[in-house]
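# Residue-level structure breakdown
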Amino acid sequence: MAWLQGFAQQVDFIIWKDNKAVGAITALRRQTSQHTVYGISSWSEMHIVKKQVVRSSLGLEYRQGRPFTCFTSFRLNGTLRDSSSMQPAGQGFNCFVHPDESFRLSGTSAWSTARMYFEEPVGQQEVFVESVLRPCPLKRTAPGRYVLELPGNKVNTYLYSGGVLQEVQVSRPLVKLVFRKV
């Protein structure tokens, strides 16, 4: 995502597991009068049964205030484990989620997980999740606190202060992580 650097707003997070730093996330946003582009990359190394090296990337372009095209990639120990892509086609979008799910969307939600790194989702009840290419429910549980419910019993809790994202608490069946703003 070097093409975004120098032109973008950047926020950085450290990934924590059991109070130990295990990785980092960089989120970039570049805005022009016609579109907004987001790029998010992460790297982490931790032991869950055995050593796990995770690298992920996300690219998302907004046009007319909504996600227009995107991709995600999630690699575990060098092997592609998950990915997704969404491309415009006619009046909708062709979507693919690894390994074999293809479908068509007629439209997308105005908010996405990438956008949440840069703006507090005040008043939103759903968020477009790039990894699954679908809207997922978002609940405000306290001032500056939002819970995003993902498929597969996964939950992310976003904590904002003064409209700025400070922390993401990631709850998965086998692991709990915290992303803290640097």
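For the structure itself, look to the data block above.
Here is a short report on the structure shown in this document.

What counts and how
- Residues numbered from 1 in each chain as written.
- Predicted model: local features only at pLDDT ≥ 70, side-chain atom pairs only at ≥ 80, totals over all residues.
- Heavy atoms only, no water.
- Helix = DSSP H or I, 4+ residues; strand = E, 2+ residues; numbered from the N terminus.
- Buried < 20%, exposed > 50% of the residue type's maximum accessible area, 1.4 Å probe, protein only.
- Contact = heavy atoms within 4.5 Å.
- Areas by Shrake-Rupley, 256 points an atom, 1.4 Å probe, with all protein chains shown as cover.
- Lys, Arg positive; Asp, Glu negative; His and termini not counted.
- Charge placed at Lys NZ, Arg CZ, Asp CG, Glu CD.
- Pairing = 2+ DSSP bridges.
- Salt bridge = Lys/Arg side-chain N within 4 Å of Asp/Glu carboxyl O.
- Core = buried A, V, L, I, M, F, W, Y, C linked by side-chain atoms within 4.5 Å.
- 1 Å grid on protein atoms, 1.4 Å probe; cavity = no way out; pocket = protein on both sides within 12 Å on 5 of 7 lines; lining within 4 Å.
- Points joined across faces, edges and corners; volume = space filled by probe spheres on them.
- Nonpolar A, V, L, I, M, F, W, Y, C, P; charged D, E, K, R; others polar.

### Considerations on the overall build of the chain
A tally of helices and strands in the chain yields one helix and 14 strands. Dimensions along the principal axes, computed over C-alpha positions, put the chain at roughly 45 × 40 × 35 Å. Here the chain holds 182 residues, and the buried ones make up 44% of them. Considering only contacts within the chain whose residues lie at least 6 apart along the sequence, 33% involve residues at least 24 apart. Within the structure as shown, the chain displays about 9,900 Å² of accessible surface, and the carbon and sulfur contribution to it stands at 51%. Here the chain contributes 22 positive and 13 negative side-chain charges, whose respective centroids are spaced 2 Å apart.

### Section: the environment of Leu58
For Leu58, the position within the fold is in strand E4 (residues 50–63). Leu58 sits 26 residues away from Ser84 along the chain, and the two C-alpha atoms are 9.3 Å apart.

### Here's the deal with the pairing of strand E12 (residues 154–161)
With six bridges connecting them, strand E11 (residues 145–150) and E12 associate as antiparallel partners. Paired with Tyr146 across the bridge in E12 is Tyr158. Connecting the antiparallel pair E11 and E12 is a turn made up of three residues, with Gly152 showing a positive phi of about 80°. Direction of pairing for E12 relative to strand E13 (residues 164–171): antiparallel, over a ladder of seven bridges. The residue of E13 that forms the bridge with Tyr160 is Leu165.

### Observations concerning the pattern of salt bridges
Tallying each qualifying case throughout the model produces nine salt bridges. With a shortest N-O distance of 3.1 Å, Glu101 and Arg134 are connected by a salt bridge. Of the two residues, Glu101 sits in strand E8 (residues 101–105) while Arg134 sits in strand E10 (residues 134–142), which places them 33 residues apart along the sequence. Note on Arg134: relative accessible area 33%, which makes it partly exposed. Of the charged contacts in the structure, one is a salt bridge between Arg115 and Glu119, with a shortest N-O distance of 3.2 Å. A residue is classified by how much of its surface remains accessible, and Arg115, at 17% relative accessible area, is buried. Assessed through its relative accessible area of 24%, Glu119 is described here as partly exposed. A cluster of three or more residues bridged by salt bridges with shared partners is formed by Arg29, Arg115 and Glu119.

### As for the nonpolar core
By size, the foremost hydrophobic cluster in this structure holds 41 residues, and its most contacted members are Met86, Tyr117, Leu133, Leu148, Tyr158 and Phe179. Ignoring anything within four residues of it in the chain, the contact list for Leu148 reads Thr113, Val127, Val129, Cys136, Pro137, Leu138, Lys154, Val155, Asn156 and Tyr158.

### Examining the layout of surface pockets
As a volume, the largest pocket reaches approximately 1,300 Å³. Taken together, 43 residues line the largest pocket, and the ones lying closest to its centre are Ser56, Phe74, Lys154, Val170 and Arg172. Classifying every residue of the lining of the largest pocket gives 26 nonpolar, 12 polar and five charged.

### Observations concerning the side chain of Thr36
Relative to the assigned elements, Thr36 resides in strand E3 (residues 35–48). Discounting chain neighbours no more than four positions away, the residues touching Thr36 are Arg29, Arg30, Gln31, Leu60, Glu61 and Tyr62.

### A word on unusual backbone geometry
With glycine set apart, most residues show a phi of negative sign, and most peptide bonds adopt trans. Residue Pro99 is bonded to the preceding His98 through a cis peptide linkage, with omega at 10°. Topologically, Pro99 is positioned in the loop between strand E7 (92–97) and E8. Here the phi dihedral of Asn19 falls at roughly 60°; this positive angle occurs in a residue that is not glycine. Secondary-structure assignment places Asn19 in the loop between strand E1 (9–17) and strand E2 (20–31). Given a relative accessible area of 70%, Asn19 falls into the exposed group. The backbone of Asn77 shows a phi angle near 50°, a positive value even though the residue is not glycine.

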